[in-house]
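Chain residues, written in single-letter form:
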Amino acid sequence: MKYLCLVYYDERKLDALSKSEFDALVREAFAYNDVLRESGHYVVSNALQPVDTATTIRAGNGKLSTTDGPFAETKEQLGGFILIEARDLNDAIRVASKIPPGRLGSIEVRPIRELTAA
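On a predicted model such as this, the values are computed, not experimentally measured, just so you know.

Draft legend 1. Structural detail: the sheet that holds strand β2 (residues 42–47). The sheet built from four strands is open, its strands ordered β2-β5-β1-β6 with antiparallel pairing. The two strands at the open ends of the sheet, each matched to only one other strand, are β2 and β6 (105–111). Neighbour to neighbour, the strand axes of the sheet diverge by 20° on average, direction disregarded. Bridge count for strand β1 (residues 2–9) against β6 is seven bridges, and the pairing is antiparallel. Among the inter-strand pairings, Y8 is bridged to a residue of β6, identified as S106. Lying on the sheet, helix α2 (residues 19–39) is in contact with β2 and β5 (77–85); it crosses β2 at an angle near 165°. Sitting on the sheet, helix α3 (residues 89–96) is in contact with β1, β5 and β6, with an inclination near 155° to β6.

Draft legend 2. The nonpolar core, seen in detail. Counting 17 residues, the largest nonpolar core has C5, L36, I82, I84 and I99 as its most contacted members. Secondary-structure elements contributing two or more residues to this core are β1, α2, β5 and α3. With four residues, β1 is the single largest residue contributor to this core. Among all residues touching L36, those that are not within four sequence positions of it are H41, Y42, I82, I84 and V95.

Draft legend 3. Layout of α2. Look at α2: 30 Å from first C-alpha to last across 21 residues, which is about the 30 Å you get at 1.5 Å a residue. Considered for burial, the residues of α2 that qualify are L25, A29, Y32, N33 and L36. Along the long axis of α2, the arc covered by the buried residues comes to 105°, so they all point the same way. Those residues of α2 that are exposed and angled more than 90 degrees off the buried face are K19, S20, R27, F30 and E38. Immediately beyond the C-terminal end of α2, within one or two residues, lies G40, with a positive phi of roughly 85°.

Draft legend 4. Spotlight on the pattern of salt bridges. As enumerated under the stated definition, the model contains eight salt bridges in all. The salt bridge involving D34 is made with R37; its shortest N-O contact spans 2.9 Å. Here D34 and its partner R37 are both found in helix α2, three residues apart, which amounts to about one turn of the helix. Residue class for D34 comes out partly exposed when judged on its relative accessible area of 39%. For R37, a relative accessible area of 43% puts it in the partly exposed group. R110 is the salt-bridge partner of E108, the closest N and O atoms lying 2.7 Å from each other. Its relative accessible area of 26% is what places E108 among the partly exposed residues. Linked through salt bridges whose partners overlap, the residues forming this network are R87, D91 and R94.

Cut-offs applied
- Residues numbered from 1 in each chain as written.
- Predicted model: local features only at pLDDT ≥ 70, side-chain atom pairs only at ≥ 80, totals over all residues.
- Heavy atoms only, no water.
- Pairing = 2+ DSSP bridges.
- Helix = DSSP H or I, 4+ residues; strand = E, 2+ residues; numbered from the N terminus.
- Axes fitted to C-alpha atoms, helices over the stretch in contact; angles between N-to-C directions.
- Contact = heavy atoms within 4.5 Å.
- Core = buried A, V, L, I, M, F, W, Y, C linked by side-chain atoms within 4.5 Å.
- Buried < 20%, exposed > 50% of the residue type's maximum accessible area, 1.4 Å probe, protein only.
- Expected span 1.5 Å × (residues − 1).
- Arc of directions from axis to C-beta.
- Salt bridge = Lys/Arg side-chain N within 4 Å of Asp/Glu carboxyl O.

The values are spatial; any link to function lies outside them.
Shown next as structure tokens:
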């Protein structure tokens with residue numbers, strides 16, 4: 001079963017890292033992706049640009065509106081994701097608990113809902 005691991009952190013914590021600390025975190029994250037590939041858990045992952053680059057759109061009643069920034073103000077922002085293949089939720093939690101940037105915030109683990117055309 002596929003699970004989406006959403007990586008949340010306070011961007012100020014990331015911004016406060018020195019260049020060497022940030023580079024070490026990135027190397028550690030890439031190395032963990034390699035571990036996930038070798039174990040068969042890895043599907044895809046990516047980091048996101050800072051929250052101030054986001055645009056929220058709303059489409060309803062034939063109208064489209066856009067707003068700069070995220071939908072909601074929160075202490076932690078969505079910083080990236082890893083889509084994994086896991087046996088079950090316990091396996092997904094075990095895998096997600098080792099995602100290096102998770103130390104700066106939290107990881108939300110969600111099962112993927114596979115939709116099929118009717």
